[in-house]
Structure formats: structure tokens, C-alpha cells
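Architecture at a glance
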Amino acid sequence: SEKVIELNSSYAVAEFAPGLLGLGSNGGGELIALDTSAGAPYPVVSVPFVPMAREEARPICESVAALVPLVGVDAGAV
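Here goes a summary of the coordinates provided. (Residues numbered from 1 in each chain as written. Predicted model: local features only at pLDDT ≥ 70, side-chain atom pairs only at ≥ 80, totals over all residues. Heavy atoms only, no water.)

Let's talk about the pattern of salt bridges
Here the structure, examined in full by the defined rule, presents 2 salt bridges. The salt bridge involving Lys 3 is made with Glu 6; its shortest N-O contact spans 3.8 Å. Here Lys 3 pairs with Glu 6, and both are found in helix H1 (residues 2-10), just 3 residues apart, close to one helical turn. Accessibility expressed as a relative area gives 47% for Glu 6, which makes it partly exposed. A salt bridge links Arg 54 to Asp 35, with the shortest nitrogen-to-oxygen separation between them at 2.8 Å. One end of the pair, Arg 54, is in the loop between strand E3 (44-48) and strand E4 (58-61); the other, Asp 35, is in strand E2 (residues 30-35), and 19 residues separate them in sequence. The exposure class assigned to Arg 54 is partly exposed, which follows from its relative accessible area of 24%. (Salt bridge = Lys/Arg side-chain N within 4 Å of Asp/Glu carboxyl O. Helix = DSSP H or I, 4+ residues; strand = E, 2+ residues; numbered from the N terminus. Buried < 20%, exposed > 50% of the residue type's maximum accessible area, 1.4 Å probe, protein only.)

Some points on the nonpolar core
Ranked by size, the top nonpolar core spans 8 residues in total: Val 13, Ala 17, Leu 20, Leu 31, Ala 33, Val 45, Val 47 and Met 52. Only E2 and E3 provide two or more residues apiece to this core. Not counting the four nearest positions on each side in its chain, Val 45 is found in contact with Leu 20, Leu 31, Ile 32, Ala 33, Asp 35, Ala 57, Arg 58, Pro 59 and Ile 60. The next biggest cluster of nonpolar side chains, apart from the first, holds 6 residues, and it includes Ile 32, Leu 34, Cys 61 and Ala 66. (Core = buried A, V, L, I, M, F, W, Y, C linked by side-chain atoms within 4.5 Å. Contact = heavy atoms within 4.5 Å.)

Dropping the structure here:
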């Protein structure tokens, strides 16, 4: 959506974390993003807002479809 593009631009995601497309936040200071450099289906990763850097990205799951069942689950339980 246009809002996703607008927020990625305002957070300078392409500049600080090339290849990532931010989807939202985990509410704890991390960006939840798609790793578009990996090819489809795009893996979902988390990266701190500070410092936002590509090398700080950590895998969450292999795709958006795999993310949906994890929404609301405590990270320690995964």
C-alpha cells in the first residue's frame, strides 16, 4: 500500500537496510521486514530501528504465510 511505501521512505529503510521492505514494528524497537534480496517467497526478518543496518537483520520465518500463525506469539515460545 502507499502507506507502507511512505513509511519505508521516511525511515530510510532502503538506505540503511538495502533489500529489506518494512512491514511494521514488533512494538519493541524492531522493524519487521521482507528480505527481498532472497527471492520469493520473501523471508521475514527483524532488524532494530537503531542501528538500522542490513547486517543486523535476524530471520523470523521463511515467508509471510508462515508469519501469520506467529502473530501474537511470544518470541520465546517460537
